Every structure is written in C-alpha cells, then in structure tokens.
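One-letter residues, chain by chain:
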Amino acid sequence: MAENRARDADADADAGGDSGGGGGSKATIMAALAANGAIAVTKFAAAALSGSSAMLAEGIHSVIDTGNQGFLLLGHKRSQRPADARHPFGYGAEIYFWSFIVAVLLFSLGAGLSIWEGVRALLHGEHSDGVPWISFVVLALAFCFEGYSWNVARREFGEVRRGNGWWRDVKELKDPSIFVVLCEDTAALIGILIAALGLYLTWQLDHPFWDAAASILIGIMLGVTAVFLANEVRKLLIGEAADPDMVRDVTDDLRGHAEVRAVNEVRTIHFGPHHVLLTVSVDFADDVPSQRIEALVTESERRVRETYPVVKSFFLEVQSRAGHAALA
C-alpha cells in the first residue's frame, strides 16, 4: 500500500488514542473552556454597565460556549471507555452524540436568546446611557482570548487535515470536537466584530437600532453555525464511511494476489473518530488450500492495521462472487 497513506494514518493515530478520543482534541476543548468562561463574566459586567443588547447577546453566547465545552469534555471522557459485552465496538461514538447536543444548544439557546434580546430591544426602543468605552475594552479583551482559543483549534486542525482545501477538510474530519470548537470560535470572533460595529454605530448615530440589529445578526450567525455543525455531526451519528482511499488500497492489495478471483465488496464505518470497522468479501480460487486462505487473511489484516491504525476491527468473509451477488 502507498507510503503516503501510511503517513496519513500515523498522523490520525497520533492525533487520537485507541479508544476514540484524542489528547490533542482535549487540549483544544480545555483552551476554549478557559477562554469562554473568563470572557462570559466580563461581558455580562460590561452589558450591565453599558446597557448594550449586543453585549448581552455576546455574554449569552460565551456562557453557552462554556457549557458546550463542558459537554464536549464529557463526550471525550465517555468515548474513551473500553469495549464491553454491551458495546463490543467501544464507546467512541459518544463524542458524536455530545457534539450533536452542543449544536442543538447553540441553535436553541445561543441563536434564540440573541435574536429575542435584539427584537425586545427594537420593540421597546431601549437606549444605552452607559459608557461605551467599557464595552469596547471588554470586546477587545474577548477578541484576544477567543483568538487564542481559535489558534489552538486551528493548529490541531492543521495537524490532521489532508490538504484538500479548508472546507473539504472540515467536512471530512471525523473528530467533531475539533471542528465544533473551531467553528464556535470562528463564530465568536465574528460575533465580537458585529457587536463592536453595532455599539459604534449606536454611539455615533445616537440610535438604539444598530445595537439591537447587531444582537439579531449575532443570533442569525449562531443559528447558521449550529445548523452546519448539526448536519456534519448527524452524518457521523448515523454511520459515515472511512476515507475512500482506504477502500481502494485494501481492494488493490487483495487483487494483487493470484489466489484472489475477485474482491466482492469492501465496507467501512466509523464507530468513533479513531475506530473504524472494515469488512471485506473476497472470492478465492477453488483450488486454494484453507491454510493458504488463512495466511492471506492474516497477512492482509496485518498490512491494513499497519497502514491504517484507525482500523480496530477487521473482518474478511470468504464468499463466491455469485453468492455475494445473490445476497446483495
């Protein structure tokens, strides 16, 4: 099999452990948790002093992000539990479930409360008489903290991405804790800029519309982010195939043996970010001794596991092409 595939697989293995959770992704979550927790307190203090709806929306956003990191940490811990009789393929998919919860909370609470606060401010025509510079100082500090958290997530994402373009690499990433934090922090940075613009326009034009509009815009942005995250995690929850290159490499490797008539099918599924189940249906020549088939199966499994350490479960079925077609 191709050496570059082996290097990619080793990178994936280094990013995570055997049980489905990566030490690096935990560091990313911890960095985001610390940043959002510190920022939330200062944002609410600034909102109370300035009366800004956009600042209050940002405070709500930071509180929800802090809670979200807690859920991701819970998912990370639970995903590392070893396999048992009730869950023979382990608990790696736990991280998918809790990441989906994060997306739901970001949509229902983050987006909902931010939009509600902005609409309320518009309907009541509230105007802040507070000191605007307090909010700007807090937003500047928040941007620095969020920028640090975003940079931690960006570095880890850079270590596991495959160089197929940022958008495609995010969509192909199997560890949701990385792209959830990365997307949340990106949304947070954009939200801070929107809040700052809303405050500035309200201050300069002396009209509360801009502050309320900024709050609504932050809510809409959070809603779009949440829908994107929910859709990506949904694909993992219902069972997403591994890298197509793995299927092609395994197929080519088996076809290279003279004893193999045909590779009927190769299927893969992720049971966690670092746990792949791989099943193969192979039609061997009729005159191949059973001992030779056993040796080929053992050797194939060894090569697959060496090249793709994420393959924790490997099953090869000996089946004629006609028999496979009849059951398909």
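The rules behind the values
- As a convention, each chain's residues are numbered from 1 in the sequence order in which they are written.
- Where totals are concerned, whole chains, interfaces and linings use all residues; where local detail is concerned, this predicted model gives features only for residues with pLDDT of at least 70, and gives and counts side-chain atom pairs only at 80 or more.
- Each side-chain value is derived from all of the structure's non-hydrogen atoms; neither hydrogens nor water enter the calculation.
- We count a stretch as a helix when DSSP gives it H or I for four or more residues in a row; a strand needs E for two or more, and each element gets its number in order from the N terminus.
- Buried, partly exposed and exposed residues are distinguished by accessible area as a fraction of the type maximum, computed with a 1.4 Å probe on protein chains only: under 20%, between the cut-offs, and over 50%, respectively.
- We call two residues in contact whenever any of their non-hydrogen atoms come within 4.5 Å of each other.
- Accessible surface area values rest on a Shrake-Rupley calculation with a 1.4 Å probe, where residue burial reflects the displayed protein chains alone.
- For the purpose of charge, His is not counted, nor are the chain termini; Lys and Arg are scored as positive and Asp and Glu as negative.
- Taken as the charge centre is NZ of Lys, CZ of Arg, CG of Asp or CD of Glu, depending on the residue.
- Helix axes are fitted to C-alpha atoms over the stretch in contact, other axes to C-alpha atoms as well, and angles between N-to-C directions run from 0 to 180 degrees.
- Angle categories: roughly parallel below 35 degrees, roughly antiparallel above 145, roughly perpendicular from 65 to 115, and oblique for all the rest.
- Crossing handedness: left-handed means the near helix sits turned counterclockwise from the far one by under a right angle, and right-handed means the same turn made clockwise.
- The residue classification treats Ala, Val, Leu, Ile, Met, Phe, Trp, Tyr, Cys and Pro as nonpolar and Asp, Glu, Lys and Arg as charged. All others, Gly included, are polar.
- To qualify as a nonpolar core, a set must consist of buried Ala, Val, Leu, Ile, Met, Phe, Trp, Tyr and Cys residues joined through side-chain atoms within 4.5 Å.
- Helix span, as expected, comes to 1.5 Å for every residue beyond the first.
- Put simply, two rings from Phe, Tyr or Trp (the six-membered ring, in Trp's case) pair if the centres are within 6.5 Å, and we call them stacked under 30 degrees between planes, edge-to-face over 60, tilted for the rest.
- Comment: the charge-over-ring label is applied if NZ (Lys) or CZ (Arg) is within 6 Å of the ring centre and within 35 degrees of the ring normal.
- The working definition used for a salt bridge is a side-chain nitrogen of Lys or Arg within 4 Å of a carboxyl oxygen of Asp or Glu.

(A) Local environment of the overall build of the protein chain. Regarding its fold elements, the protein chain presents eleven helices and three strands. Start at the N end of the protein chain and walk to the C end: the helices and strands fall as α-α-α-α-α-α-α-α-α-β-β-α-β-α. Of all 328 residues assigned to the protein chain, the portion counted as buried reaches 49%. Of all intrachain contacts in the protein chain linking residues separated by at least 6 positions in sequence, the fraction that spans at least 24 positions is 76%. Put simply, the protein chain shows about 15,300 Å² of open surface, and 63% of that area lies on carbon and sulfur atoms. Charge centroids of the protein chain, computed over 28 positive and 40 negative side chains, lie 3 Å from each other.

(B) Geometry of the packing of helix α4 (residues 94-124) against helix α8 (residues 209-237). Packing of α4 against α8 brings their axes to within 7 Å, and their N-to-C directions diverge by 165°. Considered as vectors, α4 and α8 are oriented roughly antiparallel to each other. The handedness of the crossing between α4 and α8 is left-handed. Classifying every residue of the contact of α4 with α8 gives 24 nonpolar, eight polar and two charged.

(C) Here's a closer look at the environment of G70. Of note, G70 is situated in helix α3 (residues 53-79). A relative accessible area of 34% places G70 in the partly exposed class.

(D) Layout of the nonpolar core. Within the largest apolar cluster, 45 residues are counted, with the highest numbers of intra-cluster contacts made by M55, F179, L222 and L229. Counting residues per element, the ones that place at least two in this core are α2 (23-50), α3, α4, α5 (132-160), α7 (176-205) and α8. Tallying contributions element by element places α7 first for this core, with eleven residues. When residues no more than four places from it in sequence are discounted, the contact partners of L222 are H61, L106, G110, A111, S114 and A187. Membership of the second largest hydrophobic core comes to 23 residues, among which are A242, V288, V297 and F314.

(E) Highlighting α7. In this model, α7 (30 residues) spans 42 Å end to end at C-alpha, consistent with the 44 Å of a helix rising 1.5 Å per residue. The first or second residue beyond α7 is D206, which carries a positive phi of 55°.

(F) Highlighting the packing of aromatic side chains. Inspection of the entire model under this criterion finds five aromatic pairs. An angle of 80° between the planes, with centres 5.0 Å apart, marks the rings of F97 and W98 as edge-to-face. Judged by relative accessible area, which is 38%, F97 ranks as partly exposed. Geometrically, the ring pair formed by F136 and W203 is tilted, given 6.1 Å between the ring centres and 50° between the ring planes. With a gap of 67 residues between them, F136 in helix α5 and W203 in helix α7 connect regions that are remote in the sequence. With a relative accessible area of 25%, F136 lands in the partly exposed category. Against the face of Y91 rests R81, its NZ or CZ located 3.8 Å from the ring centre.

(G) Structural view of the pattern of salt bridges. This structure, assessed with the given rule, holds 14 salt bridges. Of the charged contacts in the structure, one is a salt bridge between D245 and R248, with a shortest N-O distance of 2.9 Å. Taken together, the residues span about one helical turn, with D245 and R248 both in helix α9 (residues 244-255) at a distance of three residues. Here D245 falls in the buried class, since its relative accessible area comes to 16%. On the accessibility criterion, R248 (40% relative accessible area) is partly exposed. Here D286 and R261 are joined by a salt bridge, their closest N and O atoms 3.3 Å apart. A residue pair is termed long-range when its members are at least 10 positions apart, and D286 in the loop between β2 (275-284) and α10 (290-307) and R261 in strand β1 (residues 260-272) qualify at 25 residues. A relative accessible area of 49% means that R261 is categorised as partly exposed. In the salt-bridge network here, residues are joined through shared partners; they are D253, E299, R302, R303 and E306.

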